[in-house]
Amino acid sequence: MSDDERPLLAVDLYTEPGRTFRVPPRWYREVSANLSIANLDFDDFADSADQVGTFRGFDG
């Protein structure tokens, strides 16, 4: 669970069921915390994923 080459799969179960993006362990805390307090939506992270569908943080 610590290898960035083995990202977790995030799956939308509410707004667009089945929409996905990958989350490397480095970014898991940011994604989890923001989703749990409703600071950001699933779409915010999914829309910021790279060409292969992996979220690697927001551009500065």
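It should be emphasised that the depicted structure is a prediction, and the values quoted were computed from it without experimental measurement.

Participant: Can you walk me through the side chain of N34 in this structure?
Facilitator: Turning to its location among the elements, N34 is positioned in helix α1 (residues 25-36). The exposure class of N34 is buried, given its relative accessible area of 14%. Polar contacts involving the side chain of N34 include one to the side chain of N39, which spans 2.6 Å. Apart from the residues lying within four places of it in its own chain, the contact partners of N34 are N39, L40 and F45.

Participant: Help me understand the nonpolar core, please; the structure alone is not making it clear to me.
Facilitator: Within soluble globular proteins, side chains that are nonpolar generally end up buried alongside one another. Of all hydrophobic cores here, the largest spans ten residues; its members are A10, F21, V23, W27, V31, F42, F45, A46, A49 and F55. For this core, the secondary structure elements donating two or more residues are β2 (20-23), α1 and α2 (42-47). Counting residues per element, this core draws most heavily on α2, at three residues. Leaving out residues up to four positions away in the same chain, F21 has contacts with L8, L9, A10, V31, F42, F45, A46, A49, G53 and F55.

Participant: Just checking my understanding: could you explain the packing of aromatic side chains for this structure?
Facilitator: Aromatic ring pairs are described here by two measures, namely the spacing of the ring centres and the angle between the planes. Scanning the entire structure with this criterion turns up seven aromatic pairs. A ring pair is formed by F45 and F55, whose centres lie 5.0 Å apart and whose planes are at 80°; its orientation type is edge-to-face. Taken together, the positions of F45 in helix α2 and F55 in the segment after α2 put the pair ten residues apart, joining distant regions of the chain. Each of the two residues, F45 as well as F55, counts as buried. The class of F45 is buried, set by a relative accessible area of 0%. Within the aromatic cluster, the residues linked to one another by ring pairs are F21, W27, F42, F45, F55 and F58.

Rules used in this analysis
Residues numbered from 1 in each chain as written. Predicted model: local features only at pLDDT ≥ 70, side-chain atom pairs only at ≥ 80, totals over all residues. Heavy atoms only, no water. Helix = DSSP H or I, 4+ residues; strand = E, 2+ residues; numbered from the N terminus. Buried < 20%, exposed > 50% of the residue type's maximum accessible area, 1.4 Å probe, protein only. Polar contact = N/O pair within 3.5 Å; in protein donor to acceptor, adjacent residues only side chain to side chain. Contact = heavy atoms within 4.5 Å. Core = buried A, V, L, I, M, F, W, Y, C linked by side-chain atoms within 4.5 Å. Phe/Tyr/Trp six-rings, centres within 6.5 Å; stacked < 30°, edge-to-face > 60°.

Keep in mind that these numbers describe shape and distance, not what the molecule does.
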